[in-house]
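Observations on the three-dimensional arrangement
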Amino acid sequence: MAFQKGFRWGVATASYQIEGGAHEADKGLNVWDVASATEGRIFEGHTADVGCDHFHKVKEDVALLKELGVNAYRFSINWARLIPSGTGKVSEAGKNFYLELFKELKVAGIEPWVTLFHWDYPYALYERGGWLNDESSDWFAAYAKVCAELFGDYVDHFILINEPECFVGLGHFTAGHAPFLKLCVRDVAHISHNVLLACGKAEKAIRKAIARPVKIGTAQAYWPAIPATHEAKDVEMARKETFTCHHDFGGIGLWLDPLLKGEYPADYLAWFAENGFVPPEKDMEIIRSRLDFCGLNTYSGNPVKEEGGKAVYITPPPTVPKTDMRWNVYPEVFYYGPKYIYDRYNLPVVYTENGVALAEWKDLNGEICDDSRIDFLKRYLRELYRAADEIPVEGYFYWTLYDNFEWTEGFSKKFGLVHFDPETLERTPKKSARFFRTLAETNGEEIWK
Ligand code: NOJ
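Residues numbered from 1 in each chain as written. Predicted model: local features only at pLDDT ≥ 70, side-chain atom pairs only at ≥ 80, totals over all residues. Heavy atoms only, no water.

1. Brief notes about the sheet that holds strand β10 (residues 349–353)
Our working definition: Any two strands with at least two DSSP-identified bridges between them are counted as paired. The way it works is that DSSP assigns letters per residue, a run of H or I at least four long becomes a helix, a run of E at least two long becomes a strand, and they are numbered from the N terminus. Lines fitted to the C-alpha atoms define the axes, with helices restricted to the stretch that makes contact. Angles between their N-to-C directions range from 0 to 180 degrees. Contact criterion: two residues are considered in contact whenever any of their non-hydrogen atoms come within 4.5 Å of each other.
With respect to topology, eight strands assemble into a closed barrel ordered β1-β2-β3-β4-β5-β7-β10-β11, the strand pairing being parallel. Shown here is a sheet whose adjacent strand axes are inclined to one another by a mean of 25°, direction ignored. The pairing of strand β4 (residues 157–162) with strand β5 (residues 215–221) spans four bridges and is classified as parallel. Bridge pairing in β5 places F158 opposite I216. Lying over the sheet, helix α8 (residues 164–172) contacts β3 (111–117), β4 and β5, oriented at roughly 45° with respect to β5.

2. Digging into the layout of surface pockets
Formally: In this analysis, the protein atoms alone were mapped onto a 1 Å grid. Cavities are point sets where a 1.4 Å probe fits without being able to get out; pockets are open sets with protein on both sides within 12 Å along at least five of seven lines; lining residues have an atom within 4 Å of a point. Grid points are joined across faces, edges and corners, and a volume is the space filled by probe spheres set on the points. Throughout this entry, Asp, Glu, Lys and Arg are counted as charged residues, while Ala, Val, Leu, Ile, Met, Phe, Trp, Tyr, Cys and Pro are counted as nonpolar. The remaining residues, Gly among them, count as polar.
The volume enclosed by the largest pocket comes to roughly 960 Å³. Residue lining of the largest pocket: 39 residues in total, with E165, C166, A221, W223 and G250 positioned closest to the centre. Where the lining of the largest pocket is concerned, the elements lending two or more residues are α8 and α10 (232–242). By residue number, the principal contributor to the lining of the largest pocket is α8, which donates four residues. Its residues assigned to classes, the lining of the largest pocket shows 18 nonpolar, 13 polar and eight charged. Considered as a void within the structure, the second largest pocket measures approximately 170 Å³ in volume. Considering only residue class, the lining of the second largest pocket consists of six nonpolar, two polar and three charged.

3. Structural notes on the packing of aromatic side chains
Defined as follows: The rule is short: rings of Phe, Tyr and Trp, with Trp giving its six-membered ring, pair when the centres are within 6.5 Å, and they are stacked under 30 degrees, edge-to-face over 60, tilted in between. Exposure classes here rest on a 1.4 Å probe applied to the protein chains alone. A residue is buried below 20% of its type maximum, exposed above 50%, and partly exposed in between. Distance and angle both matter: a charge sits over a ring if NZ of Lys or CZ of Arg is within 6 Å of the ring centre and within 35 degrees of the ring normal.
According to the stated counting rule, one finds 59 aromatic pairs in the structure shown. An angle of 35° between the planes, with centres 6.2 Å apart, marks the rings of Y336 and Y340 as tilted. With Y336 and Y340 both in helix α14 (residues 333–345) and four residues apart, this pair spans about one turn of that helix. Residue class for Y336 comes out buried when judged on its relative accessible area of 6%. Joined through ring pairs, the aromatic side chains of F3, F7, W9, F334, Y351, F376, Y380, Y385, Y396, Y398, F436 and W448 make up one cluster. Lying over the aromatic face of F55, R81 brings its terminal NZ or CZ to 4.1 Å of the ring centre.

4. Observations regarding helix α7 (residues 136–151)
Threshold: Any helix carries an expected span of 1.5 Å times its number of residues minus one.
Between its first and last C-alpha atoms α7 spans 22 Å; for 16 residues at 1.5 Å apiece the expected length is 22 Å, and the two agree. Next to the buried residues of α7 lie α4 (79–82), α5 (92–108), β3, α6 (123–126), β4 and α9 (185–209).

5. Let's talk about the state of the cysteines
Put simply, the rule reads: To count as a disulfide, a pair of cysteine sulfur atoms needs to be within 2.5 Å.
Summed over the entire model, instances satisfying the criterion amount to zero disulfides. Sulfur of C166: no disulfide; nearest cysteine sulfur belongs to C199 and is 14 Å away.

6. Observations regarding unusual backbone geometry
In this structure, P179 follows A178 across a cis peptide bond, with omega equal to 5°. Within the secondary structure, P179 is located in the loop between α8 and α9. Here W399 and T400 are connected by a cis peptide whose omega angle stands at 20°. With respect to the helices and strands, the residue T400 is situated in the loop between β11 (393–399) and β12 (418–420). The phi angle at N346 is positive, at roughly 60°, despite the residue not being glycine. Within the element layout of this structure, N346 appears in the loop between α14 and β10. By relative accessible area, N346 is classed as exposed at 53%.

7. Examining the site of the ligand
Selection rule: Only a single heavy atom is needed: when it lies within 4 Å of a molecule or strand, its residue is near that molecule or strand. Here a polar contact is recorded for every N or O atom pair within 3.5 Å, except that within protein the pair must consist of a potential hydrogen donor and a potential acceptor, and residues adjacent in sequence are included only if both atoms are side-chain atoms. Using a 1.4 Å probe, accessible areas were evaluated by the Shrake-Rupley method; residue-level cover was limited to the displayed protein chains. Cavities and pockets are treated as containing a molecule whenever more than half of the molecule's atoms lie within 2 Å of their grid points.
Taken together, 13 residues are adjacent to the ligand, and Q17, H118, N162, E353 and E406 come closest. Contacts to the ligand include Q17, whose side-chain N or O atom sits 2.7 Å from an oxygen atom. In isolation the ligand offers 290 Å² of accessible surface; the protein chains occlude 96% of this area. A molecule is said to occupy a pocket when more than half its atoms come within 2 Å of that pocket's grid points, and by this definition the ligand occupies the largest pocket. Residue composition of the shell around the ligand, grouped by class: six nonpolar, four polar and three charged.

Structural data, given as structure tokens:
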């Protein structure tokens, strides 16, 4: 077996991390613009005001994508660039910027996969209470409708929301990301519910606005539990733990069960109820959505074994390699992870993100020989290849096109296939960029060499 015909070999980016042009035309502020401007929030005071200057380099960047040989490109729309106040009037400059990108991609023969929201929440809406306001799901659905109407002719694949686990959990519960709040469980559960309602309403709004069938999915932060051994009891324990409520907002079941089954997992309901939040039953039919694929963002996972009927998490020995994010390199997440998802939801899987940050720099010859990134890709994709033999896997998007603004880490973490110099704004393909091109050309066969 090989990766299926028509498999997507893509790269992924997000508006805030690459666009720059933070204060151009009539663009509204978002919560990350404000974080960037706040002392102490971002590593060494980096900002994304200029970012990778993608806002001014659409043609150049599409040429770069073409050079990488990708057949698909995942990127996000900056809500406050398109609708500066979050609701109401559409910005001409914002609209034209995205139209130019869509047109260039079309000419290049690269399929756009559009994320509607990748964390850059309009500040004007934050000031109105943000996701805690019960109108927030309507604001999002109205924005999704605008995107569908303006760009629907170009887009066959929509991703509603990127990693709610992070912008809800880190953003509103543990204060690790914008808007840096530490709210109580009741409020964050309420926010989660509004985010789910937003997805449900947006899915329906997009299908209504676009007459032809389009594919809609999400992109979940998915760090599954992985079995410490291949023994059946560990495999089953890892599956169970992957969907268990660990009293945080990172569990994938919290997000996908309501969307795909129309119900919350029982353990989440119990945790929410203990903290005073009971999701209204009448909302569940609105949340329940017809999704076409499960988008997964997976970088690593957590090894677990079964002992006396209980889950025991394993501390990785020092032999397990760590990336520059200090994330463990566990390629087997790409075998067990997608299988657990497919077994539970029966939907094709797309890896909407995976990649590796390395401490690297241009050598004296001006080259970046990132052999470890190539090795990482081979190891993970060999496991995915195994999974693709058993379940439908439709695509793989490497995170990310070029080194970019890694949220609170600023430009210090380098995930790109292409090196980016924040001073000269120069883009230089790394050795892995050439490897990725061959991967795409051989539909993955290159992983065996
Ligand atoms: C998850 C996020 O979606 C993306 O924005 C981030 O840069 C990468 N993973 C790496 O941390």
